[in-house]
Amino acid sequence: MWFRHHATRDGDLVRVEARVILDGGAYASTSAAVLGNATLFTAGPYRVPSVHLDGWAVRTNNPPCGAMRGFGTVQACFGAESQMDKLAQALGMDPVELRLRNAIQTGDTFVTGQVLDGTAPARECLEAAVALPMPPADGGDSPLSLPGGAGQTALPHNIRRGVGYALSFKNIMFPEGFDDFSTAAVRLERGSDGEPLATVTCAAAEVGQGFVAVAQQVVRTELGVEQVIVAPADTRIGPAGSSSASRQVYMSGGAIQRACWAVRDALFARAAGVYGTAGELSLRDGVVHGLSGEGVALRDLLTEPVYEIREFHHRKTESLDENGQGDAHVAYAFAAHRAVVDVDVELGLVRVVQIATGQDVGLAINPLGVLGQIEGGIAQGVGLAVMEEIILQNGEVKNASFTDYLIPTTLDMPEVLVTLIEQPEPGAPFGAKGVGEPPVISSTPAVVAAIRAATGTWLERIPVRPQDVALASSP
């Protein structure tokens, strides 16, 4: 990637130029879509009145490459945020202040000409990350507190600490005119104990993101029933789309919510014979109430099961024109990261001490699940920053096992501090946004920025290898 950022002397961004070239491998796969995201997000989450962005995906004799968590924005964010640090240095500005000064907000215009009419708490995310407490200056006496860990190779006098920052955003849901939707069914009946029992059926794939728990929460919230079963995924009721693009809670959660509304309306129709107009009824705590305040328990209305299927469609988007302009995205999610690292400048070893983050989640339906997603994404971001790299030689993968392709273990993970920024997104079920992708996007450049701060070495590639630090730091 090639970037050029221009700013006034007081730090206002005026123009961004970028050229993106992606190695797609031997087959096109999802390269075109990933390229679109990588190119569009090279300007970062900032107000920029003038941009020139070009992107190419190239077929090579390497293994096929395509979608990954972050879908092109990981690479774009590393380049863009590295440029912001370089620009701050040139201007003599604090890197946080430069970002806050230019952060995009609701009502601003994206590079495609689309006006951000949803929530856009970029500033709030960065301010939250900065406000979280820093780790103790002394890491302790344990060898595990030093770079190199149990190998006991690092000497305390060679350790330098650095702090780095990064801010990111990404579109959520499928873009550019795709008529994305999900389908869900809700059945409400008496269980074996005579109490209301709800069963949710949806084709959504649970791949560890916590969708099953969220589905139960949606039903409990909308229908006020305690017993909720999520049936095995079933495409016979209709599609739910892929578990990607941070979309399942938004799309399938929306479908479940609307199926619950339909079930509730059917219950009101049954209760109308007792209370009068169905529109005057409400459902609270498992009881249908009339205007007089009196009510009838749900179990008494469930002489027959109620079964409803509904689809949920997000608002319409449009394809980009020949100039890359158009209302292409449904919504955006933001995140900011502050990384603290210790670096052995002689050996080039890095220990990530702490990651602090503020993340835009719309509304946290399941806060514990959100925290798990954030911690998992940060683990991946740390890996991309300091250890994960596929080594290719003449089209052949040279480290095709987890013996040689390293990923962070529990002992490699830093302390993670999280502040959730909750600003409900218009049009989303309960205002919730997807949370799976943002944690990995800006955690990587934040770690690299911290390594730069510790070493004074300008690092332009990831992962940062020991030789990138040790050799550059040599006299």
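Residues numbered from 1 in each chain as written. Predicted model: local features only at pLDDT ≥ 70, side-chain atom pairs only at ≥ 80, totals over all residues. Heavy atoms only, no water.

### Structural notes on the overall build of the protein
From N to C terminus, the protein includes ten helices and 16 strands. For 475 residues, the compact-globule formula gives about 23 Å, and the C-alpha radius of gyration of the protein, at 25 Å, lands near that figure. Summarising its shape, the C-alpha atoms of the protein cover approximately 90 × 55 × 45 Å along the three principal directions. The buried share of the protein, taken over its 475 residues, is 50%. (Helix = DSSP H or I, 4+ residues; strand = E, 2+ residues; numbered from the N terminus. Rg over C-alpha atoms; globule rule 2.2 N^0.38 Å. Buried < 20%, exposed > 50% of the residue type's maximum accessible area, 1.4 Å probe, protein only.)

### Brief notes about the packing of helix 2 (residues 73–91) against helix 3 (residues 95–102)
If you want to describe how two helices pack, look at the angle between their axes and the distance between the axes. Axis separation between helix 2 and helix 3 bottoms out at 9 Å; the angle between their running directions is 110 degrees. If you check the angle between helix 2 and helix 3, you find them roughly perpendicular. Crossing geometry of helix 2 relative to helix 3 is assigned as right-handed. Of helix 3, the residues touching helix 2 (which contributes Glu 81, Met 84, Asp 85, Leu 87, Ala 88 and Leu 91) are Pro 95, Leu 98 and Arg 99. Its residues assigned to classes, the contact of helix 2 with helix 3 shows six nonpolar, no polar and three charged. (Axes fitted to C-alpha atoms, helices over the stretch in contact; angles between N-to-C directions. Parallel < 35°, antiparallel > 145°, perpendicular 65-115°, else oblique. Left-handed = near helix turned anticlockwise from the far one by under 90°. Contact = heavy atoms within 4.5 Å. Nonpolar A, V, L, I, M, F, W, Y, C, P; charged D, E, K, R; others polar.)

### What to know about unusual backbone geometry
For the peptide bond that leads from Ile 462 to Pro 463, omega is -5 degrees, which places it in the cis range. The phi torsion at Phe 71 lies on the positive side, around 50 degrees, for a residue other than glycine. Structurally, Phe 71 can be placed in the loop between strand 3 (51–59) and helix 2.

### Regarding empty space enclosed by the protein
Take a probe with the size of a water molecule and roll it over the atoms, and the empty space left behind shows itself. Enumeration according to the criterion identifies three cavities of 30 Å³ or more in this entry. One number sums up the size of the largest cavity: a volume of about 60 Å³. Gln 114, Leu 116, Asp 117, Gly 118, Thr 119, Ala 120, Arg 315, Val 330, Ala 331, Tyr 332 and Glu 425 together form the lining of the largest cavity. Residue composition of the lining of the largest cavity, by class: five nonpolar, three polar and three charged. Contributing to the lining of the second largest cavity are Phe 41, Gly 44, Pro 45, Thr 73, Cys 77, Glu 81, Leu 167, Ser 168, Phe 169 and Ile 441. (1 Å grid on protein atoms, 1.4 Å probe; cavity = no way out; pocket = protein on both sides within 12 Å on 5 of 7 lines; lining within 4 Å. Points joined across faces, edges and corners; volume = space filled by probe spheres on them.)

### As for the nonpolar core
For soluble globular proteins, the rule of thumb is that nonpolar side chains tend to be buried together. Ranked by internal contacts, the top residues of the largest apolar core, which has 44 residues, are Leu 188, Val 219, Leu 223, Val 225, Ile 256, Leu 267 and Val 288. At the level of elements, strand 5 (181–190), strand 6 (196–202), helix 5 (211–223), helix 6 (248–275), helix 7 (298–301), strand 11 (306–313) and strand 12 (331–344) are the ones that each hand at least two residues to this core. Apart from residues lying up to four places away in sequence, Val 225 is in contact with Leu 188, Pro 196, Ala 198, Val 219, Arg 220 and Leu 298. Counting 36 residues, the second largest nonpolar core, distinct from the first, contains Met 84, Leu 87, Tyr 165 and Leu 167. (Core = buried A, V, L, I, M, F, W, Y, C linked by side-chain atoms within 4.5 Å.)

### Some details on the environment of Ser 243
Its place among the elements puts Ser 243 in the loop between strand 7 (227–230) and helix 6. Within the structure, the side chain of Ser 243 is placed 2.6 Å from the backbone oxygen of Ala 205, a separation counted as a polar contact. (Polar contact = N/O pair within 3.5 Å; in protein donor to acceptor, adjacent residues only side chain to side chain.)

### Brief notes about the pattern of salt bridges
Scanning all chains against the criterion turns up 25 salt bridges. Of the charged contacts, one joins Arg 99 and Glu 81 as a salt bridge, the two residues approaching to 2.7 Å between their closest N and O atoms. Here Arg 99, found in helix 3, pairs with Glu 81, found in helix 2; they are 18 residues apart in sequence, far enough to count as distant. Judged on exposure class, the residue Arg 99 and its partner Glu 81 are both buried. A salt bridge links Glu 189 to Arg 187; its shortest N-O distance comes to 3.3 Å. The class of Arg 187 is partly exposed, set by a relative accessible area of 31%. Taken together, the salt bridges that share partners define one network made up of Glu 81, Asp 85, Arg 99 and Arg 452. (Salt bridge = Lys/Arg side-chain N within 4 Å of Asp/Glu carboxyl O.)

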